[in-house]
Amino acid sequence: MRIALSLSVALAAQNPISHYWHKITDRTFAGIYHVNAFDLAMMIPYFIVLLILAVYGLHRYWLVYDYFVYSKNIPPAPPPVTNWPRVTVQLPIFNERYVIERLVEAVSRFDYPSELLDVQVLDDSTDETCEVARACVERHAAQGMPVVYIHRSNREGYKAGALENGLKTSKGEFVAIFDADFLPERDFLRRTIPYFMNPDGGETIGMVQTRWTYLNTDYSLLTNVETILLDGHFVIEHGARSRRGTFFNFNGTAGVWRRKAIDDAGGWEHDTLTEDTDLSYRSQLKGWKFLYLPNIECTSELPVDMNGFKAQQARWAKGLMQTAQKILPKVLKSDAPWHVKAEAFFHLTANISYPLMVLLSTMLLPVMIVRFQQGWFQMLLIDLPLFLASTCSISSFYLVAQRELHPKTWQRTFLYLPFVMATGIGISVRNAQAVMEAIVGKKSEFARTPKFNIEGKQGTFAKKSYKNKAGWIPYAEVLLGIYFSFTVFYAVLNENYATVPFLLLFVWGYLYTGCMSLGQTYFARLRFGVNAPEMRPATSGAPGF
């Protein structure tokens, strides 16, 4: 018995968990450490940043809460329509030679009275897309489709300018908008227009937004991550805001506007890069109601190259911050309820987390050294809860969205969550630059997202034009990835194992986005489950920023 007891004690003493717990709770050297000026200079901004990120993380929990609490606030099916209104369909394009014919073909199949329909191809292109689009329009017009081709020789106002220009000659009481990478179903108008015609409050509806789905989710790891990110936005964010009755935004495509709501809000303006969100808030401030219809889907094509994805995310980040500066003061001064104002604040300012994330990234190693001197128990008691509030809210947010969409297969999302979180960290440098440009008022061009007509797992983008340039950002991302590798080494060396999983997300996120941007051609051959042909650089490209 004595031998067995002694052996048990010895094994417990050598147990790694017991050893780690003893290290955390050991108070032998308590009171020796004294804080100094350098420590305060690091710790104060560190906790401020971490606290702000935690607040935005907790807001995600609040969105999930609203989504379920107000789950019954779903628009009922409208009654049948007897007299269909006239509808204008606007198709804004810029250098879209790979997808324009696919889009026009989809619209030509609309099951809507042709005498009540007029389709506008709004082309600002500067390449052979002009010839492709014009020939496509002429071919369909000859077959009886009510479609016209409108080309501008300048890109004044970019997409917003093209849409505003099209409205000058439009005839519709309602305006449906589709970007070049979307494929609406033939009954799209038949299912959306009735909500505007509903005798029970339909006259107050200014816009109807449908949910995006995707042609090429399984094309690569990146497109799987993009799907999860966008599903979170369309399921939880739009769902929670529309159910609660707070403001939410038109997504620039796959939606229908009442023409009067556009005019009443002042029309399309192009002083921000997210003209859709800008008009949405101005319209809702005028009293127009928006509807979100998740049961109506519109298929789209996801960006397949890292630089295109990052350019898209940066445009949205910068545009939302520009819209916050422009619109948020009006919202806060309005008569809207407090919960509408609060949600508008979190919605429009959420991208401030990107520069804060970069700042946190650069501070982590010196802060770890300082915190090591202060003791492990404080790190677990203070730092860890804040980290969990900032990061775990993200994972639960996207898990709930996938469970709502795919109740039988949503568990597979667990496999992608580390990549989702790492990608969000990886794009923080590019998005932080965009947010800071918005804050200081630096203007930039509308960088559209390249589309390559890629569906499913087939196709390649390497031989095609329109790829965005990498610039200097990927080098910074790679350097940050290397920096965090040393941080991981320091954490392991000092047995700070609790922080290693978080630090590895930073390592993978920065290295993945940076290396993918710099070596897109090489990495295209490594896409999971895709047999891509030999990759060669494109011979030409379209303007980016």
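Residues numbered from 1 in each chain as written. Predicted model: local features only at pLDDT ≥ 70, side-chain atom pairs only at ≥ 80, totals over all residues. Heavy atoms only, no water.

Draft legend 1. Inspection of the overall build of the protein at higher detail. When its secondary structure is counted, the protein shows 19 helices and eight strands. When burial is assessed residue by residue, the protein has 57% of its 545 residues classed as buried. Excluding contacts between residues fewer than 6 apart, the proportion of contacts in the protein whose partners are at least 24 apart in sequence is 83%. (Helix = DSSP H or I, 4+ residues; strand = E, 2+ residues; numbered from the N terminus. Buried < 20%, exposed > 50% of the residue type's maximum accessible area, 1.4 Å probe, protein only. Contact = heavy atoms within 4.5 Å.)

Draft legend 2. The arrangement of the nonpolar core in detail. The biggest cluster of nonpolar side chains holds 66 residues, and the ones touching the most others in it are Val89, Leu189, Trp257 and Trp268. Among the elements that line this core, the one with the most residues is strand E8 (residues 289-300), at six residues. Beyond its immediate stretch of four places on either side in the chain, Leu189 contacts Trp84, Val87, Val89, Phe110, Tyr112, Leu117, Ala176, Pro194 and Val256. Judged by nonpolar contacts, the second largest core, of 31 residues, contains Met357, Leu364, Val367 and Ala422. (Core = buried A, V, L, I, M, F, W, Y, C linked by side-chain atoms within 4.5 Å.)

Draft legend 3. Structural view of the pairing of strand E7 (residues 255-258). Going residue by residue along E7, you find Gly255 and Trp257 tucked away on one face and Val256 and Arg258 tucked away on the opposite face as well. In this structure, strand E4 (residues 174-177) lies alongside E7, joined through four bridges in antiparallel fashion. Looking at E7, one finds that Phe174 is bridged to Arg258. Of the strand pairs in this sheet, strand E6 (residues 205-214) and E7 are connected by three bridges, and their pairing is antiparallel. (Pairing = 2+ DSSP bridges.)

Draft legend 4. Main features of the sheet that holds strand E1 (residues 87-93). One open sheet holds the eight strands; their spatial order is E3-E2-E1-E4-E7-E6-E8-E5, and the pairing between them is mixed. Single-partner strands in this sheet number two, and they are strand E3 (147-151) and strand E5 (182-183). Here five bridges tie strand E2 (residues 117-123) to E3, and the two strands are oriented parallel to one another. In the strand pairing of E3, Leu122 is matched with Ile150. Along the sheet, helix H8 (residues 221-244) makes contact with E6 and E8, crossing E6 at roughly 150°. (Axes fitted to C-alpha atoms, helices over the stretch in contact; angles between N-to-C directions.)

Draft legend 5. Quick peek at the pattern of salt bridges. Per the counting criterion, the structure on display carries 22 salt bridges. Across the salt bridge formed by Asp111 and Arg190, the nearest N and O atoms sit 4.0 Å from each other. With Asp111 in the loop between helix H4 (100-108) and E2 and Arg190 in helix H7 (residues 188-197), this residue pair connects regions lying 79 residues apart in the sequence. Here Asp111 falls in the partly exposed class, since its relative accessible area comes to 32%. Accessibility expressed as a relative area gives 29% for Arg190, which makes it partly exposed. Between Glu269 and Lys326 there is a salt bridge whose closest N-O contact spans 2.4 Å. Of the two residues, Glu269 sits in the loop between helix H9 (259-264) and helix H10 (275-285) while Lys326 sits in helix H11 (residues 306-333), which places them 57 residues apart along the sequence. Salt bridges sharing common partners tie together Glu269, Asp271, Asp278, Arg282 and Lys326. (Salt bridge = Lys/Arg side-chain N within 4 Å of Asp/Glu carboxyl O.)

Draft legend 6. Geometry of the pairing of E4. The alternating pattern of E4 places Phe174 and Ala176 on one face and Val175 and Ile177 on the opposite face, and all of these are buried. Across four bridges, the pairing between E1 and E4 is parallel. Note on E4: the bridge partner recorded for Gln90 is Ile177.

Draft legend 7. Here's a closer look at the side chain of Ser283. As for its position among the elements, Ser283 is in helix H10. In this structure Ser283 comes out as buried when scored by relative accessible area, which is 0%. If we skip the residues at most four places from it in the chain, Ser283 touches Trp257, Ala261, Ala265, Trp288 and Phe290.

Draft legend 8. Looking closely at the side chain of Thr349. Structurally, Thr349 can be placed in helix H12 (residues 338-349). In this structure the side chain of Thr349 is engaged in a polar contact, spanning 2.7 Å, whose partner is the side chain of Tyr56. With residues near it in sequence (within four places) discarded, Thr349 still touches Tyr56, Met321, Ala324 and Leu328. (Polar contact = N/O pair within 3.5 Å; in protein donor to acceptor, adjacent residues only side chain to side chain.)

Draft legend 9. Geometry of H10. Counting buried residues along H10, 10 of its 11 residues qualify, which places the element largely inside the surrounding structure. Taken together, the buried positions of H10 are occupied by Glu275, Asp276, Thr277, Asp278, Leu279, Ser280, Tyr281, Arg282, Ser283 and Gln284. Against helix H6 (158-167), E7, H9, E8, H11 and H12 lie the buried residues of H10. Of the residues flanking the end of H10, it is Gly287, one or two places downstream, whose phi is positive at about 105°.

Draft legend 10. A look at a nonpolar patch on the surface. Together, Leu40, Ile44, Ile48 and Ile52 make up a nonpolar patch on the protein surface, roughly 340 Å² of accessible area in all. Within the element layout of this structure, Ile44 appears in helix H3 (residues 37-69). (Patch = residues over 30% accessible without salt bridge, like charges linked within 9 Å, V, L, I, M, F, W, Y side chains within 5 Å. Areas by Shrake-Rupley, 256 points an atom, 1.4 Å probe, with all protein chains shown as cover.)

Draft legend 11. Summary view of the environment of Tyr70. Mapped onto the elements, Tyr70 comes out in the loop between H3 and E1. For the pair Tyr70 and Gly245, spaced 175 residues apart in the sequence, the C-alpha separation amounts to 9.4 Å. Those residues in contact with Tyr70 that sit more than four places away from it in its chain are Arg243 and Arg244.

Draft legend 12. Fine view of the environment of Lys318. Relative to the helices and strands, Lys318 is located in helix H11. As for Lys318 and Thr274, which are separated by 44 residues in sequence, their C-alpha atoms are 8.2 Å apart. With residues near it in sequence (within four places) discarded, Lys318 still touches Leu273, Ala434, Glu437, Ala438, Lys442, Lys443 and Ser444.

Draft legend 13. Just the confidence of the model for the protein, in detail. Predicted confidence across the protein gives a mean pLDDT of 84, with 80% of residues reaching 70 or more. Predicted confidence for residues 521-545 stays below pLDDT 50, and this span has 45 contacts to residues more than four positions away or in other chains. (pLDDT = per-residue confidence, 0-100.)

Draft legend 14. Layout of unusual backbone geometry. Despite not being glycine, Asn95 has its phi angle at roughly 55°, a positive value. The phi angle at Tyr158 is positive, at roughly 55°, despite the residue not being glycine. Tracing the backbone shows Tyr158 in helix H6.

Draft legend 15. Representation of the packing of H4 against helix H5 (residues 129-142) in the model. Running from amino to carboxyl end, H4 crosses H5 at an angle of 20°, the nearest separation of the two axes being 10 Å. Between H4 and H5, the crossing angle belongs to the class labelled roughly parallel. The way H4 lies across H5 gives a crossing that is right-handed. Contacts from Ile100, Glu101, Val104, Glu105 and Ser108 in H4 reach Val132, Ala133, Cys136, Arg139 and His140 in H5. For the contact of H4 with H5, a count of residues per class yields five nonpolar, two polar and three charged. (Parallel < 35°, antiparallel > 145°, perpendicular 65-115°, else oblique. Left-handed = near helix turned anticlockwise from the far one by under 90°. Nonpolar A, V, L, I, M, F, W, Y, C, P; charged D, E, K, R; others polar.)

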